[in-house]
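Here is what each chain is made of, one letter per residue.
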Amino acid sequence: MTRSRAVQLFQFVGFFVAPAAWFAQHLIGQAISQAGCSTANASWGVSNRAWQIVLLAVAGTLILLSEAAAVAAFRSTGASYESPPPEGRIRLIAIAAMTTNLIYLVIVLLDGVASIVDIACRQS
Amino acid sequence: MATVELPAQQRISRLERQWRSKPGVLGWLTTTDHKRVGILYFWTTLLFFGAGGTEAMFMRTQLVVPNNHVLGPAEYDQVFTLHGITMIFFFIIPMTTGAFGNYLVPLMIGARDMAFPRMNALSYWIFLASGLFLYIGFASHNGPNGAWFGFTPLTTRPYDPSRGADFYALALIFNGLASTLTSANLIVTMFKLRAPGMSFNRLPTFCYAFLAASFGLLFALPALSADCVFLFLDRNVGTHFFDVSKGGSNLLWQHLFWFFGHPEVYILIVPAFGIATAIIPAFTQRKIVAYPLVAIAEILVVFIGFGVWAHHMFVTGIPTISLVFFAAATAMVVIPSAIQVFSWCMSLITGMPRFKTPLLFIAGFIWMFVNGGLTGLVLVAIPFDQQVHDTYFIIAHFHYIIFGAAVFPIFGGMYYWFPKLTGKLYFELPGQISFWIIFAGTNLLFFPMYIVGLLGMPRQIYTYPSGMGWDWYNAAETAGAYLTAIGILVLFANLVAGWLRGPAAGPDPWLAPTLEWATTSPPPDYNFAVIPTVSSAYANWDRDDRALDRRKLAEGSMVLEEGHEQPLSTTVDARFDAVLDMPHSSAWPPLLALFLALLFGCLVLDKFGSAGICAVLCALTLVAWHRQEPGSAAARLGLPAGRWGMAMVIASEATIMGCFIATFWYLRLRAAHWPPGGIPEPRVVVPLVLAGVLLATSVPIQLASRAVRAGRLAATRAFLLVALVVQAGYFAYEVHDYRDELHAFGIAKNAYSSIYYVLLGADHAHVFIGIVLSAWLLLKLTRGLTAYRLNATVGIAWYWHFVNVLTVLVIGTLAAVNVT
């Protein structure tokens, strides 16, 4: 793979993987937390804590990888984001990805840690 | 003496002939011009705004003193329900995406029209019909009365025997169709019709905001539609989605509604962010601070908004461990909002602000948004939310956001783009007076609501006893409401006066940075004589580019005057790709909207047979619509915008089917035994094998797609025919099986049977539509291959791949019952 194609890949990995990881962790995580407290779980025996740990680990890792890709894309070009494409566009997407991935990471950590340490099935 | 036209004038004359709209009422009825559609949206939404505002005034008049009886409890319920529905679905969304989006987005990106002009007109006529449908219900004493969120069980048949909830459910499905069409059109327009050079790092932040809102609508509305389908079926067919005694759940309604409803709040305000980011640079004469962060923040607000829905459900008894997910996302969605607030403030501080009326409204908007945002942030704390839930505190927060953060920028935008729309200037002093009256009025109206909310006044009560400490606050709120109404009247009086007697505005009275100001006021039918040159996000400030445009006009470069022509550009970097021949005025959109209105009318009257006839009429109208194919100009490089359109359809359909599948699992969680009620477990092997056979038809479909791109017509037809025979066989068997199962256990037996038949039926409907599309395409291909048919083949192939995967997922979900 040429360097320019790698940079193109990095920018899109940096931009799209982290939100996908957060959204998947969010949807699956809350669904498991509800399933674990549901009537059906009497026969299923879903372990909320184990699932949440796995989800946290997978989503967290993916977001960190996504951030690394965004940083790599950012460092690959010294151009301003106002420059003509592809340099300007790569710069813009990399800046956006580096910023937003940190937000996703914080949400995933908050979701994961709270759902692991909280008491399961305590009604609000 | 005869005058000789210069080459540039000749080109402009030719453009005027090519793009001239039909005159008179017929011209407006059949128009597909994005500016005219935008104007139609504008006036229609203003009428609905008047209706919603009148309802608000009735409510505030009723509540001005304790024990008042201007309205009785039943009327009050209908009025506050209609107020909410009208303001959200029939004013703010259509005013932003429909009026501002339609009128301005093509101009801002240097395009001559929307990607799908006829679909654009259709969205308007459907919007109009859905609004009339809702208000016909109200006028016939069948107005909805369960609030804009229509919570079950209040809206189910035992608690609401009137037709109000049926009008509610069908009107929202109908209206959702219009918004989905608009959003898909805006997305494809911004992806494919940007002027060459307008890469994503040069897209105006206004457009980013509308892109975010459009994607939000595309993925949020299906959840509302699914919910409304369930409600309508519960009320009219006897299903049990929301009947707890039969395994249904009222929280199911809330989950689906708020999965739509909370992104919806951001969808309402994000276009307002876009308006703010358009107005601030014009009146500070500086670029917006932190453009990349503002652009991404607009998208992020909507995206994270999809993860906060259950923060509306903190008092429903859901385990805390589930609620923390939503509290976390709600807390973090503040960050992109704060990024934008800092950007607006820093742009004002470091620029040279001229506080003309539009900028005053934006300054007022920032105050209202911060106020409403901070009182929303405290609701992240679950215990606090539980204390103020369903009190006027929530009403205050919500209205600071919706009126302050969405409507203020709309008013500012009306003033800002008034010169572009009319060619006239408004009067500045009355404009500023209107702002201050509205600003004072809204704060007097909404701020005391925080206090009465904290004092415990519940929302949606039609009156209250004296001696609760609420009297003076309510009186002040009502005074604020009347003051706001006066301010709004001054605003419109000023605009009307400006229209009639205002001085000429010229093309660019604000020295603004975006492309709509690079053309005349009002813009000509063709928008731009030359497709504009773009080399930054502030294209109208690039004087060299504008001078280059004038030279291009003289040379005839990028004028595209040989037809109804529009350049197509690549999605990411907006490089010139092809030239499209755009459709012109058409009578099919209003006719299709009429048949759809009749269909919904038949449904609400339980005339299901007549509804079927209307559905056939709709299908026939669509066939007639597509008889005329685009001309030869389109055949040069094809119509990839059409494939983007199919991608939008698939995205929307995938979301609604995802909601159905999620509903299946949600109901499953609530049952100890599944299927309940003695229903036998579904067969597994045969349905899965058949689903596999259907999936295998993706092979000939893909081969047809390849063959058509290679120009092999006979092979294309053969592959399509093979697939069609198998698909038709599958469908015939499945329909037979479906009918047999209905005899074994009815759809009205319990919640399981309800979702079983709805899920399976929806999948079969997708297969049926695919068969109809394939048959239509085969008929078209008997008369040869055109670029239009090539793209139709590829688009229908995409649709079949989607349906085949969907079928496997649906059958797999139903079969999973046996192992769970």
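Model, not experiment: these values are computed from the prediction.

**Student:** Any details on the overall build of chain A? Residues and values, ideally.
**Tutor:** Along its length, chain A carries four helices and zero strands. When the helices and strands of chain A are placed in sequence order, the string is α-α-α-α. In terms of C-alpha radius of gyration, chain A reaches 18 Å, well past the compact-globule figure of 14 Å for 124 residues. Oriented by its inertia axes, the alpha-carbon framework of chain A measures out at about 60 × 30 × 15 Å. Expressed as a percentage of its 124 residues, the buried residues of chain A come to 43%. Within chain A, residue pairs in contact and separated by at least 24 positions form 73% of the contacts whose partners lie at least 6 positions apart.

**Student:** Now, about helix 5 (residues 117-139) of chain B: what can you tell me, with residues and values included?
**Tutor:** Here helix 5 of chain B is 23 residues long and its end C-alpha atoms lie 33 Å apart, about the 33 Å a rise of 1.5 Å per residue gives. Extensive coverage of helix 5 of chain B is indicated by the burial of 17 of its 23 residues.

**Student:** Quick rundown of the interface of chain B and chain A? Include the residues and the values.
**Tutor:** Each partner contributes to the interface: chain B provides 33 residues, whereas chain A provides 38 residues. Those elements that provide at least two residues to the side of chain B that touches chain A are helix 9 (291-305), helix 10 (320-332) and helix 20 (640-669) of chain B. At nine residues, helix 10 of chain B tops the list of elements feeding residues into the side of chain B that touches chain A. Classifying every residue of the side of chain B that touches chain A by side-chain character gives 23 nonpolar, seven polar and three charged.

**Student:** I'd like a description of the confidence of the model for chain B, backed by residues and values.
**Tutor:** Residue-level pLDDT values for chain B average 93, and 98% of them are 70 or greater. What the predictor reports for the complex is a pTM of 0.95 with an ipTM of 0.95.

**Student:** Tell me what's going on with the packing of helix 6 (residues 164-192) of chain B against helix 20 of chain B, and back it up with residues and numbers.
**Tutor:** Residue and element names in this part refer to chain B. In contact at an axis separation of 10 Å, helix 6 and helix 20 are set at 140° when each is read in the N-to-C sense. With respect to helix 20, the axis of helix 6 lies oblique. As helix 6 packs across helix 20, the resulting crossing turns out to be right-handed. Where helix 6 approaches helix 20, its residues Thr-180, Ala-184, Ile-187, Val-188, Phe-191 and Lys-192 are matched on the opposing element by Pro-640, Ala-641, Trp-644, Gly-645, Met-648 and Ser-652. Here the contact of helix 6 with helix 20 is composed, by residue class, of eight nonpolar, three polar and one charged.

Quick notes on the rules
Residues numbered from 1 in each chain as written. Chains lettered and ligands numbered in written order. Predicted model: local features only at pLDDT ≥ 70, side-chain atom pairs only at ≥ 80, totals over all residues. Helix = DSSP H or I, 4+ residues; strand = E, 2+ residues; numbered from the N terminus. Rg over C-alpha atoms; globule rule 2.2 N^0.38 Å. Buried ≥ 20, exposed ≤ 12 C-beta atoms within 10 Å, placed from the backbone. Contact = placed C-beta atoms within 7 Å. Expected span 1.5 Å × (residues − 1). Nonpolar A, V, L, I, M, F, W, Y, C, P; charged D, E, K, R; others polar. pLDDT = per-residue confidence, 0-100. Axes fitted to C-alpha atoms, helices over the stretch in contact; angles between N-to-C directions. Parallel < 35°, antiparallel > 145°, perpendicular 65-115°, else oblique. Left-handed = near helix turned anticlockwise from the far one by under 90°.

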